[in-house]
Amino acid sequence: MNGRDDVLVLGIETSCDETAAAVVRGGREILSNAVHSQVAIHARFRGVVPEVASRSHTTRILPIVQQALADAGVAAAELDAVAVTARPGMVGSLLVGLAAAKTLSALFGLPLIGVDHVAAHLHAAFMTEPDVPLPCLALMASGGHTALYALRRVGGPHERLGRTIDDAAGEALDKGAALLGLPYPGGPSIQAAARAGRADAIELPRPMLGGDSLDFSFSGLKTALLYHLRGPGLVRPMPELDEAQIADLAAAYQAAVVDTLIRKLRRAARRAADAGGYRSLAIAGGVARNELLRERLRSDRELGRLHHVFPPLALCSDNGAMIAGLGTWLWCERGQVDGLDLDARATSRREG
Ligand code: KG4
Ligand code: ZN
């Protein structure tokens, strides 16, 4: 094994609808980050269909690994280890990445490192800024997960402070977009439509779940939008919306999601204040790409005072670099090496 600073690790990610592979040097330097998105395949279903996803992964995984190696200018035999997402995710999809990683591990004699997908999203903060001032309050918001964490050390385990009890923030955006006739995935299409809209055009709820809860609940939001469109009891047919109405509704909906995330972050920050508080704030996951969220956090009176770690967009949505980054750390600092019995799991360990 080379020194920690120049180890070359391949990261493979197939937990959902992105087939991704990346080569990362020293846990941080991203030499390549190849992603094949299945968005076009799932768009007509307005969501990810598990079996369709795993079938697509099997056709894409080897070309994506080859692309990651070629973009990095690295031959497979030069790699030092291979890291792969083992949990949480759709099991049929995870198995495709695992099979590829195990094959490469066996062929080239590479240590195999199984990585938790959510921990890898959070690790993107440390790849962006290795000396993140700790403790760091982190928001993880994607299509499958929405939770708040306290990061106290690189590599975790990270303390989960609260999580969604129903839909994830990205899922709420995807479902809201479907109601407005906007394309999947909903996050980017709502963001684009919202630019021309007025967020105060209609009032939508900000579900807070009691005075001190740090859990989220987003499922009521799409119902509120549906009732707005079709009336209480859904008595009206779905209205024909013009572009200006869609823009207003998208802006109001996006603001409700972002506002809820920010209010919970403030609540979490306040709660820790007596114990010294947080020194920084990180965001992770596909929803962390959102421009309104970033802007609102920057200008927030309370949260704006914390040191912000906003990873570049490519490190927010699903990617292989974050898997390689955390994998390098687990291997080099913790000595983690998995056997060929490494299995896929639908949930994170703690959720067992
Ligand atoms: O992390 P990710 O790529 O995959 C999962 O692990 O789920 O997140 C995908 C989610 C989708 O729900 C998508 O609508 C949302 O992230 N998303 C966004 C934006 N870009 C992607 N949400 C808000 N604003 C965006 N710009
Ligand atoms: Zn993800």
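Note that the structure is predicted; figures quoted are calculated from it, not measured. (Residues numbered from 1 in each chain as written. Chains lettered and ligands numbered in written order. Predicted model: local features only at pLDDT ≥ 70, side-chain atom pairs only at ≥ 80, totals over all residues. Heavy atoms only, no water.)

**Q** Mind showing me how you'd approach the sheet that holds strand S1 (residues 8-13) here?
**A** Hydrogen bonds between backbone groups are what pair the strands of a sheet, and the pairing can be parallel or antiparallel. Ordered in space as S3-S2-S1-S4-S5, the five strands form an open sheet in which the pairing is mixed. Single-partner strands in this sheet number two, and they are strand S3 (29-37) and strand S5 (112-116). Across the sheet, the axes of successive neighbouring strands diverge by a mean angle of 20°, strand direction being ignored. The pairing of strand S4 (residues 81-87) with S5 spans five bridges and is classified as parallel. Within the sheet, the bridge partner assigned to Ala 83 lies in S5 and is Ile 113. Relative to S4, helix H3 (residues 91-108) is tilted by about 160°, and along the sheet it contacts S1, S4 and S5. Helix H11 (residues 320-334) contacts S1, strand S2 (18-25), S3, S4 and S5 of the sheet and is inclined by roughly 125° relative to S1. (Pairing = 2+ DSSP bridges. Helix = DSSP H or I, 4+ residues; strand = E, 2+ residues; numbered from the N terminus. Axes fitted to C-alpha atoms, helices over the stretch in contact; angles between N-to-C directions. Contact = heavy atoms within 4.5 Å.)

**Q** Which parts of the structure should I look at to understand the site of ligand 1?
**A** By nearness alone, 22 residues border ligand 1, and Gly 143, Asp 174, Gly 187, Gly 286 and Asn 290 come closest of all. Within the side chain of Ser 142, one N or O atom sits 3.4 Å away from an oxygen atom of ligand 1. Backbone polar atom of Gly 170 to an oxygen atom of ligand 1: 3.2 Å apart, as the coordinates give it. Out of a free accessible area of 560 Å², ligand 1 has 90% covered by protein chains. Contributions of two or more residues to the shell around ligand 1 are made by helix H4 (117-128), helix H5 (169-179) and helix H6 (186-194). The dominant element in the shell around ligand 1, judged by the number of residues it contributes, is H6, at four residues. Its residues assigned to classes, the shell around ligand 1 shows five nonpolar, 13 polar and four charged. The two domains that each donate at least three residues to the shell around ligand 1 are domain 1 (8-121 + 316-334) and domain 2 (131-313). (Near = heavy atom within 4 Å. Polar contact = N/O pair within 3.5 Å; in protein donor to acceptor, adjacent residues only side chain to side chain. Areas by Shrake-Rupley, 256 points an atom, 1.4 Å probe, with all protein chains shown as cover. Nonpolar A, V, L, I, M, F, W, Y, C, P; charged D, E, K, R; others polar. Domains from an automatic or database assignment.)

**Q** In this structure, what is going on with the pattern of salt bridges? I would like to understand it.
**A** Charged atoms that come close allow side chains of opposite charge to pair. In total, this model carries 15 salt bridges according to the counting rule given. Asp 167 is the salt-bridge partner of Lys 175, the closest N and O atoms lying 3.2 Å from each other. Look at Lys 175 and you get partly exposed, because its relative accessible area is 30%. Among the residues examined, Asp 167 registers a relative accessible area of 8% and is labelled buried. Arg 195 serves as the salt-bridge partner of Glu 291, at 2.7 Å between the closest nitrogen and oxygen. A residue pair is termed long-range when its members are at least 10 positions apart, and Glu 291 in helix H9 (residues 291-299) and Arg 195 in the loop between H6 and helix H7 (219-230) qualify at 96 residues. Judged by its relative accessible area of 33%, Glu 291 falls in the partly exposed class. By sharing partners, the salt bridges in this structure join Asp 167, Glu 171, Lys 175 and Lys 222 into a single network. (Salt bridge = Lys/Arg side-chain N within 4 Å of Asp/Glu carboxyl O. Buried < 20%, exposed > 50% of the residue type's maximum accessible area, 1.4 Å probe, protein only.)

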